[in-house]
Amino acid sequence: MKNQSSITIVLLMNLSEVHATISVLFIFFLLIYLMTVFSNFLIILLVVICAHLHTPMYFFLGNLAFLDMSYSSVTAPSMLFHLITKHWFMSLSECKAQMFFVMYFAGSEVLLLASMSYDRYVAVCRPLHYSQLMSWGICAQMAFFVWSIAFLVAITHMICLRRLTFCGPNRIQNFFCDLPHLFQISCTDTTINVLVLLIVGGVLASAAFVATFYPYVRIFRAVLRIRTSDGKSKAFSTCTSHLTVVIMYYASVAFIYLVPDTSNLLTLNRVVTVIYTLITPLLNPLIYSLRSKDLKAALQRAL
C-alpha cells in the first residue's frame, strides 16, 4: 500500500450526461438555490428588524434560516459549477473542506431542531414560566451549545481523518463529499475512524433524536387534556411548522444514511439526496412563513 501513489483528485457522481437534461437541471437547481438564499435571508432580516419577532421562537428560527442558507451554499454552488463545466471532480483538499462544513452545518441543525422542540414544549406545557425558562440568556447559551458541539464533532472527525491516506479508487457515489464516501476511497484501515463515527455520531444523533421527539410526547399529552377544540387547535398550531420540518429532515437523513446503497436504490438515493441538500433548505422557510401569522404580518409591514 505504501508504494501506491496518493490521489489528489476526487471524481464525483455525474447527475446527467445528456446535454439537454444538464441545461434543464442547471436552471432548475440555480433557481432553487437563489430562492433558498433569498427566502432564508429574508427571514433573518425580518427577525432582526421587527421588534415583535424578538422572541425565543423566532431567535431559533433565524438560526435555522442561517443554517439552511449556509448548508445549501456548501453544496449547491459546487454542484452548479460541475453541471455547467461538466467537470465532475475536485481536489482532495477541497473535498475534505466541503465535508467539514457539511458535517458542521448538518450537526448544528440536528441540535437546533432539538432546542426548538424544547422551546415548543415550554410554550405549550409551561406557558406561565415561559419567560423564565426561555430567557434571552438561556436562549443564547442553547445557541452557543448547538454551534460549539457541532464544531467539536466536525473537528474531531477532521483530526481523525488525517491518519488516513487515499490511493484509489478515487470515485465517490455522490455529487458532494461526505465522511462515509472518504472512507470508501481510503487505502488505510478505517476501523478507528468508523468507530469514532459510530460513537460520536451515534451519541449525538441519539441524544438529538430523543431531545427532539420526547417533548412532543409531553406536548400531545398536554393537548389531549384540553377540553375545547379551539384550545387544542391553538396548541397544535404552535408546533405544526416545527414538527413538519423535523419529520421531513429526519426522514431524508434516515433514508440516505440507513438504507443500503444498492444498485436498485441508487437513483432513488440520488433523488432523496438532492431533496435533502437543496429542496429542504428551501421548504423550511416556506413552511414557517405559511404557518406563522406573525411572520406573514412582519413581511407585509416590511413590504
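Please read all numbers here as calculations on a predicted model, not as lab measurements.

So, on to the state of the cysteines. Enumeration according to the criterion identifies 1 disulfide in this entry. Between the sulfur atoms of C95 and its disulfide partner C177 the distance amounts to 1.9 Å. Taking the sign of the torsion about the S-S bond as the criterion, the disulfide between C95 and C177, at about -115°, is left-handed. Highlighted residues: C95 in helix α3 (residues 92-125) and C177 in the loop between α5 (136-161) and α6 (179-184), separated in sequence by 82 residues. For C95, a relative accessible area of 0% corresponds to the buried category. Accessibility expressed as a relative area gives 0% for C177, which makes it buried. With no disulfide of its own, C50 lies closest to C139 among cysteine sulfurs, the gap being 18 Å.

Now for the side chain of S39. Tracing the backbone through its elements, the reader meets S39 in helix α1 (residues 19-49). Within the structure, the side chain of S39 is placed 2.8 Å from the backbone oxygen of M35, a separation counted as a polar contact. Each residue touching S39, except ones within four places of it in the same chain, is listed here: L282 and P285.

As annotated by UniProt and renumbered to match this structure, "transmembrane region" (unreviewed entry) occupies residues 30-51, 58-81, 101-121, 133-155, 192-214, 235-259 and 271-290. Between the C-alpha atoms that bound residues 58-81 the distance is 34 Å, and the span itself is 100% helix and 0% strand. Between the end C-alpha atoms of residues 133-155 there is a gap of 31 Å, over a span that is 91% helix and 0% strand.

What follows is about the pattern of salt bridges. A complete count under the given rule lists 1 salt bridge for this structure. R120 is paired through a salt bridge with D119; the nearest N and O atoms lie 2.8 Å apart. One exposure class covers both R120 and D119, and it is buried.

As a further point, take unusual backbone geometry. Even without being glycine, K86 reaches a positive phi, approximately 65°. In this fold, K86 is placed in the loop between α2 (56-85) and β2 (89-91).

It is worth spelling out the packing of aromatic side chains at this point. The relative placement of two aromatic rings is captured by the distance of their centres and the angle of their planes. This model, assessed by the stated rule, comprises 20 aromatic pairs. The interplanar angle of 40° and the centroid separation of 6.3 Å between the aromatic rings of Y118 and Y121 together place this pair among those described as tilted. Of the two residues, Y118 and Y121 are both situated in helix α3; the distance of 3 residues between them amounts to about one turn of the helix. A relative accessible area of 32% means that Y118 is categorised as partly exposed.

F29, L161, F166, F175 and L182 are the most contacted members of the largest nonpolar core, which has 91 residues in total. Ranked by residues supplied to this core, first place goes to α3 with 17 residues. In contact with F29, other than residues within four places in its own chain, are L15, M79, L80, L83, V274 and L278.

Each value, and the rule that gives it
Residues numbered from 1 in each chain as written. Predicted model: local features only at pLDDT ≥ 70, side-chain atom pairs only at ≥ 80, totals over all residues. Heavy atoms only, no water. Disulfide = S-S within 2.5 Å. Helix = DSSP H or I, 4+ residues; strand = E, 2+ residues; numbered from the N terminus. Buried < 20%, exposed > 50% of the residue type's maximum accessible area, 1.4 Å probe, protein only. Polar contact = N/O pair within 3.5 Å; in protein donor to acceptor, adjacent residues only side chain to side chain. Contact = heavy atoms within 4.5 Å. UniProt positions renumbered as here; feature names shortened; annotations may be inferred. Salt bridge = Lys/Arg side-chain N within 4 Å of Asp/Glu carboxyl O. Phe/Tyr/Trp six-rings, centres within 6.5 Å; stacked < 30°, edge-to-face > 60°. Core = buried A, V, L, I, M, F, W, Y, C linked by side-chain atoms within 4.5 Å.

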